[in-house]
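# Reading the structure
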Amino acid sequence: MTSMATGAHAGATAGAGEKGGTAAAAVPELERDIVIVGGGSAGLAAAIAAHDAGVASVLVLEREPQLGGILNQCIHNGFGLHTFKEELTGPEYAARYVAKARERNIEHMLRTTVLDVSPGRVVTAVNAERGIFRVRAGAVVLAMGCRERPRGALNICGTRPAGVYTAGTAQRLVNIDGLLPGREVVILGSGDIGLIMARRLTLEGAHVACVAELMPYSGGLKRNIVQCLDDFGIPLKLSHTVVNVEGERRVEAVTIARVDDHLRPIPGTEVRYPCDTLLLSVGLLPENELSRQAGVRINPVTRGAFVNDQLMTSVPGVFACGNVLHVHDLVDYVSEESAHAGACAARYMQGAAGLAAGEKDLPGAATELAIEATGGVRYTVPSFVSPGRMDDSLRLRFRVGAVYQNRYVSVYVGDRRVTHRRKPVMAPGEMQEVTLRRADLADARPGDVVRVLLEDE
């Protein structure tokens, strides 16, 4: 996936010019109740929810020339089964949210790049019409999406010829630009985009020799393995990786080898595949440069923000949702999560206005309990919950660190187990969830930890 950074936020006027010179031109400023950074599925869902919660002034900032984000290049079906109870393509799914936003006359700026988000909720952005400008917001929702891990982040030996693409770049070339990146293809990594592109390239007449995966399990959804590889006779080589790339001007061949339990190539297992294209589907990274600029605390596991049950980050009034928070496997979950973030941002902004009118406390000021991922669970979202502030129930989403069969997902509040549910199969490529109820936290004491873990029985 390509990233979707965009932005808005307003702050201080430009300072005076140097002593003895002409004063510098002031940077234009705007004021909005809520600014949404990103106009993909997450940003649109958050904007719609904030509007429906009674916020009059919502501004969406999007870097691309149209709303919808990465969905616009995902022309395969499989979207919307949870949200709309029907199967849609990516552009169809995006179009429904775009239509909802337009029905509400939600303001948006396209071809707008966010340069900075300050801890004080001032976003500096630039576009061709306004130049550099600032927007001062009552609340900010970060919905910038994610980006692909490039070759430079991998330890692949060999030359640096043309013909090496990330899977998302190849997807854009084929689906948006109508260009075929190559005829003889090898794919490294079994993420969902790589699996989908194996099928897409085959349908366009290319030959996909294999998909190599470093781990002993696939990083994609089971349905994509079946529909995109098995149905087309494309082999999936687990515990394999690329150890060499050949070619000066263009890729001529790649060498794949099996890896051991420590993920090191095993000598003597190398196989050479002549090809003109190598696609990389080796992981997605939340696009959090703006979050770091704002002082948001980042989770080293997800590489997204630490958030509470309101999806608010460590910076008051700054919320995060969608793939910038943690990488999702279904866009339906992105929309659901982001709608919650938009509604909570509206509540925060309205609460801040109420405080000025004499109310006692801001939303989010209640005592929070940490949520700890352990025993096979890699992380949870959110990472904190407040018994006095949360809704009647809270959906905790998490991923496991390996493939597990017939394990129990358990939730403990302090020493008390409140949830114990058996799951037949859990894999890292598929997000899991468990429900935490407000009643479960009724007896929680300050300092108690909510633990989410896997148990044998």
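Data block above holds the structure.
Starting afresh in each chain, residues are numbered from 1 along the sequence in its written order. In keeping with the predicted nature of the model, local features appear solely for residues at pLDDT of at least 70, side-chain atom pairs appear and are counted solely at 80 or more, and the whole-chain, interface and lining totals rest on all residues. Working from all heavy atoms in the structure, the side-chain values ignore hydrogens and water.

## Points about the packing of helix H4 (residues 192–203) against helix H5 (residues 222–229)
Keep this limit in mind: Orientation is described by axes fitted as lines to C-alpha atoms, over the contacting stretch for helices, and by angles from 0 to 180 degrees between their N-to-C directions. Only DSSP runs of H or I reaching four residues or more are called helices, and only runs of E reaching two or more are called strands; each is numbered from the N terminus. Here the word oblique covers every angle except those under 35 degrees (roughly parallel), over 145 (roughly antiparallel) and from 65 to 115 (roughly perpendicular). Note on convention: near helix rotated counterclockwise from far helix by under a right angle means a left-handed crossing. Clockwise means right-handed. Contact criterion: two residues are considered in contact whenever any of their non-hydrogen atoms come within 4.5 Å of each other. Under the convention adopted here, Pro, Cys and the residues Ala, Val, Leu, Ile, Met, Phe, Trp and Tyr are nonpolar, Asp, Glu, Lys and Arg are charged, and Gly plus all remaining residues are polar.
Contact geometry of H4 with H5 gives a least axis separation of 8 Å together with a crossing angle of 20°. Classified by the interaxial angle, the pair formed by H4 and H5 is roughly parallel. Between H4 and H5 the crossing geometry is left-handed. In this structure, H4 uses Asp192, Leu195, Ile196, Ala198 and Arg199 to contact H5, whose residues at the interface are Asn224, Ile225, Gln227, Cys228 and Leu229. A class-by-class count of the residues in the contact of H4 with H5 yields 6 nonpolar, 2 polar and 2 charged.

## Brief notes about the sheet that holds strand E20 (residues 369–373)
The condition that has to hold: Each pair of strands is called paired provided DSSP finds at least two bridges between the two strands.
In space, the 5 strands of this open sheet follow the order E22-E20-E27-E24-E25, with mixed pairing throughout. This sheet does not close on itself; its edge strands, each paired only once, are strand E22 (384–385) and strand E25 (416–426). Of the strand pairs in this sheet, strand E24 (residues 404–413) and strand E27 (residues 449–455) are connected by 6 bridges, and their pairing is antiparallel. Bridged to Val413 within E27 is Val450.

## Topic: empty space enclosed by the protein
This is how it is decided: Here a cavity denotes a set of grid points, spaced 1 Å apart and computed over the protein atoms alone, in which a 1.4 Å probe fits but from which it cannot get out, and a pocket denotes an open set meeting protein on both sides within 12 Å along at least five of seven lines; residues with an atom within 4 Å of a point are reported as lining. Grid points are joined across faces, edges and corners, and a volume is the space filled by probe spheres set on the points.
The final tally for this structure, using the stated rule, is 2 cavities of 30 Å³ or more. As a volume, the second largest cavity reaches approximately 30 Å³. Residue lining of the second largest cavity: Leu44, Val60, Leu67, Ala101, Ile106, Glu107 and His108, and that is the complete set. Residue classes in the lining of the second largest cavity are distributed as 5 nonpolar, 1 polar and 1 charged.

## Some details on the side chain of Ser41
The following threshold applies: Whether a residue is buried, partly exposed or exposed follows from its accessible area with a 1.4 Å probe, protein chains only, as a fraction of its type maximum: under 20%, in between, or over 50%, in that order.
Residue placement: Ser41 occurs in helix H1 (residues 41–52). What makes Ser41 buried here is its relative accessible area of 14%. The residues touching Ser41, leaving out its near neighbours within four places in the chain, are Gly68, Leu71, Val331, Val334 and Ser335.

## A word on the packing of H1 against helix H2 (residues 90–103)
Put simply, H1 and H2 touch, their axes get as near as 10 Å, and they point 30° apart. Once H1 is placed against H2, the crossing between them reads as left-handed. Residues Leu44, Ala45 and Ile48 of H1 touch H2, and the partners they reach there are Tyr97, Val98, Lys100 and Ala101.

## Observations regarding the packing of aromatic side chains
Note the threshold: Two aromatic rings from Phe, Tyr or Trp, using only the six-membered ring of Trp, form a pair when their centres are within 6.5 Å; if the ring planes differ by under 30 degrees the pair is stacked, by over 60 it is edge-to-face, and anything between is tilted.
Applying the stated criterion to the full structure yields 5 aromatic pairs. Taking 6.0 Å as the distance between ring centres and 65° as the angle between the ring planes, the aromatic pair formed by Phe84 and Tyr97 counts as edge-to-face. Linking Phe84 in the loop between strand E3 (77–79) and strand E4 (88–89) with Tyr97 in helix H2, this pair joins segments that are 13 residues apart in sequence. The class for Tyr97 is buried, based on a relative accessible area of 9%.

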